[in-house]
Amino acid sequence: MPSKEREAGSERERCVTGIEGLDHILNGGIPRGNTVLVSGSVGTGKTSICIEFLVRGALYGEGSLYLSVTEPTDKLLRNVIPFDFWDDKLVKQGKLQFVDLPRMYEKLGIDKDELSLEESRLLTDAIIGLVEEGHIRRLVLDSATSVAYRIKDPERIRDFLLRLGQSLSAKGCTSLLVAEIASHTDGYSRFGLEEAIADGVIVTGNLERRGDLLRTLQVVKMRGTQHSRAKYVLDLTTTGVLLVPLLKGGSVSGGA
Amino acid sequence: MSVSSDVNDKLQALPEASAIALRLRAEQYFDAIQGIVDLFAAKKDLDVVYVTTTVPAQSILNALEVLEIPLDHVWFVDCISQIMMSTEKRHPHVIQVESPTMLENIMLKVEFLLRKNEGRNALVVLDSINSLAIHNNTKILSEFLHILVNNLRARGAYTVIFSMQEYESDEIRNMLVLVSDETTEVA
């Protein structure tokens, strides 16, 4: 078979994020079933990107699930950008679901500070149960870092992320795992494991240029698609997350 | 012929989605704005996205109000009030950009306003290349104009770039020739 046809034939189904700029960067969207790390320091837009990904998915008719670890859902929804395309019906109809992970811990009887291997596997199974039950095609775990803090042991973190990623992928569920990192750190996650296991890594950050602070986004890895690896500037607006290329003429030497 | 009529005639002669550099003198400034907003855009039923880096949006709004020009379809991206630490009350049709050096944010705000009014044809005014050149070097400014103008062209929007003749340099003239379909002088 000629190489071009082979390429076209092996093109993976895409999960269109609905964030126009990001879909353009990803050449059409995230390959369906990928587990993607959305990594960045505070205030860089990780949660807004994830929420838009889910709301757009629900609008496309895909079951979408947000697992909140650190912030209760009601507080999260109070603070989220009032998107023009938000529709309360999506939540009422169950197309868009929000689950607080601490409540899930309670239901599962997990009350210790550190999760054992069995408990972390129990948690994975419970998440997969929710995915099956709600016909979920898009999932966000905000944040994977908080869960990893509770698991503590690197081997068990690896096991949790691998099992979760593989199980979600097998269900055709595209997932975004939020990773919180300190600004000016090397690597894309707190434990250094998450980026190796994930199919994709999207990094958000702050770029200081002559005293101006710009929010940036860069896709550094995405299995299953060709993509831009350039840095973009983003804005969080009521029409959604907007992206434009970072102007190269203004790059700071050795800058972020 | 008045300045506003001259500007209107020049814009009317352009094909859709054109980018034009309008070279004008300081005393023609407000008449040129009137020609664009009141005559050209109103007749063509265009949304106007006015990017000001020269004077605060409120000053232009005040002038347009005096001239009794309807502002329903006029939106401002104000890149100068914030840097001036202005305490003026914000008009609902004005969006602030912190500084004229945040060129990417100017593009993002223009994009936001075009999306907000999706389905309507638009005209984007960049006022002015000379003010932007005070705050930015030529390299980044050329890159900004190149991307912005091409994006607007792809969306079918008109672009009008103001250039004040008194403050033009060879570099600015070359830049305008590079990014615009036409460079024209107001009579």
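1. A few points about the overall build of chain B
Okay, so step 1: Summing up its helical and strand segments, chain B has seven helices and seven strands in all.
Okay, so step 2: The linear arrangement of helices and strands in chain B, starting from the amino end, is α-β-α-β-α-β-β-α-β-α-α-β-α-β.
Okay, so step 3: Relative to the compact-globule value of 16 Å for 187 residues, chain B shows a C-alpha radius of gyration of 15 Å, a close match.
Okay, so step 4: Projected onto its principal axes, the C-alpha coordinates of chain B cover approximately 40 × 35 × 35 Å.
Okay, so step 5: When the 187 residues of chain B are sorted by exposure, 59% land in the buried category.
Okay, so step 6: When contacts within chain B are restricted to residue pairs at least 6 apart in sequence, long-range pairs at least 24 apart make up 76% of them.

2. A look at the packing of helix α2 (residues 29–44) of chain B against helix α3 (residues 57–66) of chain B
Residues and elements named next belong to chain B.
Okay, so step 1: The geometry of α2 relative to α3 is characterised by a closest axis approach of 11 Å and an angle of 70° between their N-to-C directions. The angle between α2 and α3 places the two elements in the roughly perpendicular class. Relative to α3, the crossing made by α2 is right-handed. Residue-level contacts link Tyr29, Phe30 and Ile33 of α2 to Ile60, Ala63 and Leu64 of α3.
Okay, so step 2: Of the residues belonging to the contact of α2 with α3, the class tally is six nonpolar, no polar and no charged.

3. Quick notes on a nonpolar patch on the surface
Okay, so step 1: A cluster of nonpolar side chains, namely Val16, Leu59 and Tyr60 of chain A, defines an oily patch on the protein surface of about 260 Å² accessible area.
Okay, so step 2: Topologically, Leu59 of chain A is positioned in helix α3 (residues 46–59).

4. Quick look at the side chain of Glu143 of chain B
Okay, so step 1: Here Glu143 of chain B shows up in helix α6 (residues 138–154).
Okay, so step 2: Here Glu143 of chain B occupies a buried position and makes no salt bridge, while the nearest side chain of opposite charge, Lys248 of chain A, is found at 5.2 Å.
Okay, so step 3: Contacts of Glu143 of chain B, omitting those with residues within four sequence positions, involve Leu246, Leu247, Lys248 and Gly249 of chain A.

5. Brief notes about α6 of chain B
Residues and elements named next belong to chain B.
Okay, so step 1: Taking 1.5 Å as the rise per residue, α6 with 17 residues should run 24 Å; its terminal C-alpha atoms sit 24 Å apart, in good agreement.
Okay, so step 2: The N-cap residue of α6 is Asn137: its side-chain oxygen and the backbone nitrogen of Lys139 are 3.1 Å apart.
Okay, so step 3: One or two steps after α6, the chain reaches Gly156, where phi turns positive at roughly 80°.

6. A short note on the pairing of strand β9 (residues 212–222) of chain A
Residues and elements named next belong to chain A.
Okay, so step 1: Across 10 bridges, strand β8 (residues 200–209) lies against β9 in antiparallel orientation. If you follow Val201 over to β9, its bridge partner there is Lys221.
Okay, so step 2: A loop of two residues connects β8 with β9, the two strands running antiparallel in sequence, and Arg210 in this loop sits at a positive phi of about 50°.
Okay, so step 3: Pairing of β9 with strand β10 (residues 231–237) involves three bridges; the strand directions are antiparallel. Its bridge partner lying in β10, Gln218 is registered against Lys231.

7. Regarding the environment of Gly172 of chain A
Okay, so step 1: Within the fold, Gly172 of chain A resides in the loop between α9 (154–170) and β7 (174–180).
Okay, so step 2: Through-space distance from the C-alpha of Gly172 of chain A to that of Arg229 of chain A is 25 Å; in sequence the pair is 57 residues apart.

8. Quick notes on the sheet that holds strand β4 (residues 63–68) of chain A
Residue and element names in this part refer to chain A.
Okay, so step 1: Taken in spatial order, the nine strands of this open sheet run β5-β4-β6-β7-β3-β8-β9-β10-β11, and their pairing is mixed. Because the sheet does not close on itself, it has two edges, and the strands there are β5 (96–100) and β11 (240–245). Neighbour-to-neighbour, the strand axes of this sheet turn through a mean angle of 25°, independent of strand direction.
Okay, so step 2: Strand direction decides the pairing type here: β4 and β5, joined by five bridges, are parallel. Note that in β5 the partner of Tyr66 across the bridge is Phe98.

9. Points about the confidence of the model for chain A
Residue and element names in this part refer to chain A.
Okay, so step 1: Scored by pLDDT, chain A comes out at a mean of 90, with 93% of its residues at no less than 70.
Okay, so step 2: When pLDDT is averaged over each element of chain A, strand β2 (residues 30–31) comes out on top at 98 and helix α1 (residues 3–9) at the bottom at 45.
Okay, so step 3: Overall, residues 1–8 carries pLDDT values under 50, and its contacts beyond four positions in sequence, including any with other chains, amount to one contact.
Okay, so step 4: Low pLDDT, under 50, characterises residues 252–256; the predicted model gives this stretch four contacts beyond four residues in sequence or across chains.

10. With respect to unusual backbone geometry
Okay, so step 1: Backbone torsion omega between Asp142 of chain A and Ser143 of chain A reads 10°, so that peptide bond is classified as cis.
Okay, so step 2: Within the secondary structure, Ser143 of chain A sits in the loop between β6 (136–142) and α8 (144–151).
Okay, so step 3: Cis geometry is found at the peptide bond from Asp127 of chain B to Ser128 of chain B, where omega equals 0°.
Okay, so step 4: Summarising the element assignment, Ser128 of chain B is placed in the loop between β5 (122–127) and α5 (129–135).
Okay, so step 5: Unusually for a residue other than glycine, Asn27 of chain A sits at a positive phi of about 60°.

11. Here's the deal with the sheet that holds strand β7 (residues 182–185) of chain B
Residue and element names in this part refer to chain B.
Okay, so step 1: A sheet is described by the order of its strands in space; here seven strands give the open sequence β4-β3-β2-β5-β6-β1-β7, paired in parallel fashion. Here the strands that pair on one side only, and so sit at the sheet edges, are β4 (94–96) and β7. On average, adjacent strands in this sheet sit at an angle of 20° to one another, irrespective of strand direction.
Okay, so step 2: Pairing of strand β3 (residues 74–78) with β4, which is carried by three bridges, proceeds in the parallel orientation. Considered in β4, the bridge of Phe76 is made with Val94.
Okay, so step 3: Where α3 meets the sheet, its contacts fall on β2 (47–52), β3, β4 and β5, and the angle it forms with β3 comes to roughly 155°.

Calculation criteria
- Residues numbered from 1 in each chain as written.
- Chains lettered and ligands numbered in written order.
- Predicted model: local features only at pLDDT ≥ 70, side-chain atom pairs only at ≥ 80, totals over all residues.
- Heavy atoms only, no water.
- Helix = DSSP H or I, 4+ residues; strand = E, 2+ residues; numbered from the N terminus.
- Rg over C-alpha atoms; globule rule 2.2 N^0.38 Å.
- Buried < 20%, exposed > 50% of the residue type's maximum accessible area, 1.4 Å probe, protein only.
- Contact = heavy atoms within 4.5 Å.
- Axes fitted to C-alpha atoms, helices over the stretch in contact; angles between N-to-C directions.
- Parallel < 35°, antiparallel > 145°, perpendicular 65-115°, else oblique.
- Left-handed = near helix turned anticlockwise from the far one by under 90°.
- Nonpolar A, V, L, I, M, F, W, Y, C, P; charged D, E, K, R; others polar.
- Patch = residues over 30% accessible without salt bridge, like charges linked within 9 Å, V, L, I, M, F, W, Y side chains within 5 Å.
- Areas by Shrake-Rupley, 256 points an atom, 1.4 Å probe, with all protein chains shown as cover.
- Salt bridge = Lys/Arg side-chain N within 4 Å of Asp/Glu carboxyl O.
- Lys, Arg positive; Asp, Glu negative; His and termini not counted.
- Expected span 1.5 Å × (residues − 1).
- Polar contact = N/O pair within 3.5 Å; in protein donor to acceptor, adjacent residues only side chain to side chain.
- Pairing = 2+ DSSP bridges.
- pLDDT = per-residue confidence, 0-100.

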